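Notes for the structure review
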Amino acid sequence: MPERRPTAAEILDTPLPQLLADNRVELFDSSITDAGFCGAVVQRRSGDVILAMPRGRSRIESDIVARYLIAQAFDVDVSELPPPFTSTEL
């Protein structure tokens, strides 16, 4: 787990590029093209956080989903995404 986890306010208010950098989250384009896939986050045992986001989505959708997934990775309580979005923890 990282030394410090971000607050909900930081996750929601910090510009996304800064949020990624401040929390050492690696962002990459996912090769998954399924329309139902909105993104995935993985926290490795080393504490590294990887965020995979599909290409071609609107900027607002990508921003909201990325912030939600980052909150999940750092176990920060934020509101659930509204339907049709769902999340699954493996």
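Refer to the structure above for everything that follows.
1. Considerations on the overall build of the protein
Along the backbone of the protein there are three helices and three strands. Element order for the protein, N to C, with α for helix and β for strand: α-α-β-β-β-α. Taken across its 90 residues, the protein has 34% of its residues classed as buried. Long-range pairs, those at least 24 residues apart, make up 51% of the contacts in the protein between residues at least 6 apart in sequence.

2. Let's talk about the nonpolar core
With 20 residues, the main nonpolar core has Leu-51, Ile-70 and Phe-74 as its most contacted residues. Of all the secondary structure elements, the ones that give two or more residues to this core are helix 2 (16-22), strand 3 (49-54) and helix 3 (59-73). A total of seven residues in this core trace back to one element, the largest contributor, which is helix 3.

3. So, the sheet that holds strand 2 (residues 40-43)
Strand order in the open sheet formed by three strands is 1-3-2, with mixed pairing between adjacent strands. The two strands at the open ends of the sheet, each matched to only one other strand, are strand 1 (25-30) and strand 2. Each strand axis lies, on average, 20 degrees off the axis of its neighbour in the sheet, ignoring direction. Bridge count for strand 1 against strand 3 is six bridges, and the pairing is parallel. Bridge pairing links Ser-30 to Pro-54 in strand 3. Strands strand 2 and strand 3 of the sheet are contacted by helix 3, whose axis makes an angle of about 155 degrees with strand 3.

4. A word on the pairing of strand 2
Note: strand 2 against strand 3, four bridges, orientation antiparallel. The residue of strand 3 that forms the bridge with Val-42 is Ile-50. In textbook terms, the turn of a hairpin is the stretch between consecutive antiparallel strands, and for strand 2 and strand 3 this stretch comprises five residues, one of which, Gly-47, has a positive phi near 100 degrees.

Rules used throughout
- Residues numbered from 1 in each chain as written.
- Predicted model: local features only at pLDDT ≥ 70, side-chain atom pairs only at ≥ 80, totals over all residues.
- Heavy atoms only, no water.
- Helix = DSSP H or I, 4+ residues; strand = E, 2+ residues; numbered from the N terminus.
- Buried < 20%, exposed > 50% of the residue type's maximum accessible area, 1.4 Å probe, protein only.
- Contact = heavy atoms within 4.5 Å.
- Core = buried A, V, L, I, M, F, W, Y, C linked by side-chain atoms within 4.5 Å.
- Pairing = 2+ DSSP bridges.
- Axes fitted to C-alpha atoms, helices over the stretch in contact; angles between N-to-C directions.

As far as function goes, none of this settles anything; it's purely spatial.
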